[in-house]
Amino acid sequence: MANNLTGKFLVLDGPDGCGKSSQCELLAKWLSAQGVSVECFRDPGTTAIGEKIRQILLSVEHESMSTAAELLLYMAARAQLWKEDIKPALSENKCVLLDRWLSSTCAYQGRAGGFGMEKIIQIAEDSLERAWPDLTIILDVDVETTSKRLGGELDRMEAKGQSYHEKVREGFLGLAKQRDDVVVVDAGQDIQAVGENIIAIIESHFK
Ligand code: TMP
C-alpha cells in the first residue's frame, strides 16, 4: 500500500460540517502508520497569501462579494498553494492530503452560486498546473445534520442559508456522477465508521 500511495494527491471534501477536517487527521495518521510519508494542507489557506485570501473570503464584512470574485479568489489561493507546497511535496514523492480543492469550487460557486461547473473547470484547467487530484473523496451528509453540527458564529460561506447549502450538496453529488476519480462516502455515520470507509475506498482505488 505504501508504494502505491507515494506521490499521490488525495482530497477530502464535502459540505460545511461534514467532518472532513477530523477525517483528514485520522487519514493522515493511518497513512503514516502504513509507512507513507504524508503532508496535509488546507485549501484555501496554508500559504501566507492563501491565509490572507481565506480571511477576505470568510469575513462576514464582505457579504456583497460576487460569485465570480469568490471563485477567482479561491482559485488564486489554490494556485499559490500548488506552487509553494503541493508541487514540491509531490516532487519529493510524498503523499499529499488536501482539506478541500477544486471540487469545492465546483459545488459552491459552480452549482450553488450558479456560475456553472463547466466554466469553473475550464478556468481551473487554464490557470492551475494540475486541476485534478488522483482521488477526491466527498463526505456526504444532509443539510439538517450539518447545520446541527455547525455551532457558534458562522462565517460568510456557512451563513449563506439552507437552500444554498442544499445546492452545494447536489453539486458535490453531481460531480461524483460525472467523474470516476470523485467518490462519495456516507458521512452521516459515526466518525470511526466514516474513517474506516475512507480507508476502504483508498485501499480499493490504489490496490
Ligand atoms: P473550510 O472551513 O472547510 O476550510 O472551508 C472554507 C469555506 O470556503 C467553506 O465554507 C467552503 C468554502 N469554499 C468555497 O466556497 N469554494 C472553494 O473553492 C473552497 C475551497 C471552499
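Residues numbered from 1 in each chain as written. Predicted model: local features only at pLDDT ≥ 70, side-chain atom pairs only at ≥ 80, totals over all residues. Heavy atoms only, no water.

*Asks:* Looking at this structure, how should I read the site of the ligand?
*Replies:* Lining the immediate surroundings of the ligand are 14 residues, of which Asp16, Tyr74, Arg100, Thr105 and Gln109 lie closest. Note that an oxygen atom of the ligand is positioned 2.7 Å from one of the side-chain N or O atoms of tyrosine 74. Between an oxygen atom of the ligand and a side-chain N or O atom of arginine 100, the distance comes to 2.7 Å. Coverage of the ligand by the protein amounts to 94% of the 480 Å² it exposes when considered alone. Elements represented by at least two residues in the shell around the ligand include exactly helix 3 (48-58), helix 4 (67-91) and helix 5 (102-112). For the shell around the ligand, the element with the highest residue contribution is helix 5, accounting for four residues. Within the shell around the ligand, the residues separate by chemical class into five nonpolar, three polar and six charged. (Near = heavy atom within 4 Å. Polar contact = N/O pair within 3.5 Å; in protein donor to acceptor, adjacent residues only side chain to side chain. Areas by Shrake-Rupley, 256 points an atom, 1.4 Å probe, with all protein chains shown as cover. Helix = DSSP H or I, 4+ residues; strand = E, 2+ residues; numbered from the N terminus. Nonpolar A, V, L, I, M, F, W, Y, C, P; charged D, E, K, R; others polar.)

*Asks:* Hey, could you run me through the pattern of salt bridges in this one?
*Replies:* Close approach of charged atoms allows side chains of opposite charge to pair. One pass over the full model with this rule turns up 14 salt bridges. The partner of aspartate 140 in a salt bridge is arginine 169, with the nearest N and O atoms 2.8 Å apart. One end of the pair, aspartate 140, is in strand 4 (residues 135-140); the other, arginine 169, is in helix 8 (residues 162-178), and 29 residues separate them in sequence. What makes arginine 169 partly exposed here is its relative accessible area of 26%. It is possible to trace a salt-bridge network through shared partners that takes in Asp13, Asp16 and Arg100. (Salt bridge = Lys/Arg side-chain N within 4 Å of Asp/Glu carboxyl O. Buried < 20%, exposed > 50% of the residue type's maximum accessible area, 1.4 Å probe, protein only.)

*Asks:* What exactly am I supposed to notice about the packing of aromatic side chains here?
*Replies:* Applying the stated criterion across every chain, the model contains four aromatic pairs. Aromatic pair phenylalanine 9 and tryptophan 82: ring centres 6.3 Å apart, planes at 45°, arrangement tilted. Of the two residues, phenylalanine 9 sits in strand 1 (residues 9-13) while tryptophan 82 sits in helix 4, which places them 73 residues apart along the sequence. Overall, phenylalanine 9 belongs to the buried group, its relative accessible area being 0%. Here the aromatic rings of tyrosine 108 and phenylalanine 172 are separated by 6.1 Å at their centres, their planes lie at 85°, and the arrangement is edge-to-face. Residue tyrosine 108 is found in helix 5, and its partner phenylalanine 172 is found in helix 8; the two are separated by 64 residues along the sequence. Each member of the pair tyrosine 108 and phenylalanine 172 is classed as buried. Members of the aromatic cluster, connected to one another through ring pairs, are Phe9, Trp82 and Trp101. It is arginine 78 that lies over the ring of tryptophan 101; its NZ or CZ is 5.4 Å from the centre. (Phe/Tyr/Trp six-rings, centres within 6.5 Å; stacked < 30°, edge-to-face > 60°. Lys NZ or Arg CZ within 6 Å of the ring centre and 35° of its normal.)

*Asks:* Help me understand the sheet that holds strand 1, please; the structure alone is not making it clear to me.
*Replies:* Backbone hydrogen bonds are what pair the strands of a sheet, in a parallel or an antiparallel way. What the five strands build is an open sheet, ordered 2-3-1-4-5; its pairing is parallel. Each of the sheet's edge strands pairs with one partner strand only, and the pair in question is strand 2 (38-42) and strand 5 (182-186). Averaged over all adjacent pairs, the angle separating strand axes in this sheet is 20°, with direction ignored. Sheet topology places strand 2 next to strand 3 (residues 95-99); five bridges connect them, and they run parallel. (Pairing = 2+ DSSP bridges. Axes fitted to C-alpha atoms, helices over the stretch in contact; angles between N-to-C directions.)

*Asks:* What's the story with the environment of valine 141 in this structure? I'm lost.
*Replies:* Following the sequence through the fold, valine 141 ends up in the loop between strand 4 and helix 7 (143-149). Accessibility expressed as a relative area gives 3% for valine 141, which makes it buried. Along the chain, valine 141 and aspartate 186 lie 45 residues apart, while their C-alpha atoms are 6.5 Å from each other. If sequence neighbours within four positions are ignored, valine 141 has contacts with Pro15, Cys18, Thr146, Arg149, Arg169, Ala187 and Gly188. (Contact = heavy atoms within 4.5 Å.)

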